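If you want the building blocks of each chain, they are given just below.
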Amino acid sequence: NAGVTQTPKFRVLKTGQSMTLLCAQDMNHEYMYWYRQDPGMGLRLIHYSVGEGTTAKGEVPDGYNVSRLKKQNFLLGLESAAPSQTSVYFCASSYSTRSSYEQYFGPGTRLTVT
Amino acid sequence: GNSVTQMEGPVTLSEEAFLTINCTYTATGYPSLFWYVQYPGEGLQLLLKATKADDKGSNKGFEATYRKETTSFHLEKGSVQVSDSAVYFCARNSGGYQKVTFGTGTKLQVIP
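Just so you know, these numbers come straight off a predicted model, no measurement behind them. (Residues numbered from 1 in each chain as written. Chains lettered and ligands numbered in written order. Predicted model: local features only at pLDDT ≥ 70, side-chain atom pairs only at ≥ 80, totals over all residues. Heavy atoms only, no water.)

A. Here's a closer look at the environment of Tyr 33 of chain A. Relative to the assigned elements, Tyr 33 of chain A resides in strand S4 (residues 31-38). The class for Tyr 33 of chain A is buried, based on a relative accessible area of 1%. For the pair Tyr 33 of chain A and Val 50 of chain A, spaced 17 residues apart in the sequence, the C-alpha separation amounts to 8.9 Å. Ignoring sequence-local partners within four residues, the contact set of Tyr 33 of chain A consists of Leu 45, His 47, Tyr 48, Phe 74, Phe 90, Cys 91, Ala 92, Ser 93, Ser 94 and Gln 103 of chain A together with Gln 98 of chain B. (Helix = DSSP H or I, 4+ residues; strand = E, 2+ residues; numbered from the N terminus. Buried < 20%, exposed > 50% of the residue type's maximum accessible area, 1.4 Å probe, protein only. Contact = heavy atoms within 4.5 Å.)

What follows is the structure in structure tokens.
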């Protein structure tokens, strides 16, 4: 099992450019999440999904869009990148049962917006 | 709201020293509590968890006890190793939901 994978690992964008980050999981998890990690701020939830075809806003959704067309994939889009979106982005997934809330994380994507 | 507060780092210890990283949480609902660890250049991975009061989570020599009376979940290890150098995150879930709130992380550096 590959677990949670993220593509790409690194990316540099210019202000105003767009891009899509891809997250894939092979554990048949219902729930998927996108976080950003910034120094001194821990992880902040951008968007999440509780199942195929559904998405919801997290703590810091502005400037991002997401889609969950397939259960195993969760895409994060930046339509017009801004320097404030320079960050490390992590995708995670989890089961939907209440007995376990463990989230499984991907290795991260380091994005720099100049 | 749901929040988690953990001690600021960085924490620098000598090998074989005793480690404590403090964590407190807001007492809303009946959360499960977690410690995640992030090694350099990697994503987070679950270190241990506790789902109800007085539970003790343990893994790889690390322990944490869910203390409802003090709303705390402090991480401890009796003898740290250089390989324990990482960033440690305390976290709680949001009651019945799958969303998890993370602390700001504490960087641990263990020197030989």
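Having seen it, we continue.
B. Inspection of the nonpolar core at higher detail. Trp 35, Leu 47, Leu 48, Phe 73, Leu 75 and Tyr 88 of chain B are the most contacted members of the largest nonpolar core, which totals 25 residues. Of all the secondary-structure elements, those providing two or more residues to this core are strand S2 (11-14), strand S3 (19-21), strand S4 (23-25), strand S5 (33-38), strand S6 (44-50), strand S8 (62-65), strand S10 (86-93) and strand S12 (106-111) of chain B. Listed in part, the 20 residues of the second largest apolar core include Leu 21, Val 60, Ala 81 and Leu 111 of chain A. (Core = buried A, V, L, I, M, F, W, Y, C linked by side-chain atoms within 4.5 Å.)

C. Spotlight on the sheet that holds strand S8 (residues 73-78) of chain A. Residue and element names in this part refer to chain A. With respect to topology, four strands assemble into an open sheet ordered S1-S3-S8-S7, the strand pairing being antiparallel. The open sheet has two edge strands, strand S1 (4-7) and strand S7 (65-67), and neither has a second partner. Adjacent strand axes in the sheet meet at a mean angle of 20° when their direction is disregarded. For strand S3 (residues 19-25) and S8, the ladder comprises six bridges, and the chain directions are antiparallel. The partner of Met 19 across the bridge, within S8, is Leu 78. (Pairing = 2+ DSSP bridges. Axes fitted to C-alpha atoms, helices over the stretch in contact; angles between N-to-C directions.)

D. View of the sheet that holds strand S9 (residues 75-77) of chain B. All names here are of chain B. Taken in spatial order, the four strands of this open sheet run S3-S9-S8-S7, and their pairing is antiparallel. The open sheet has two edge strands, S3 and strand S7 (56-59), and neither has a second partner. Averaged over neighbouring strand pairs, the angle between their axes works out to 15° when direction is ignored.

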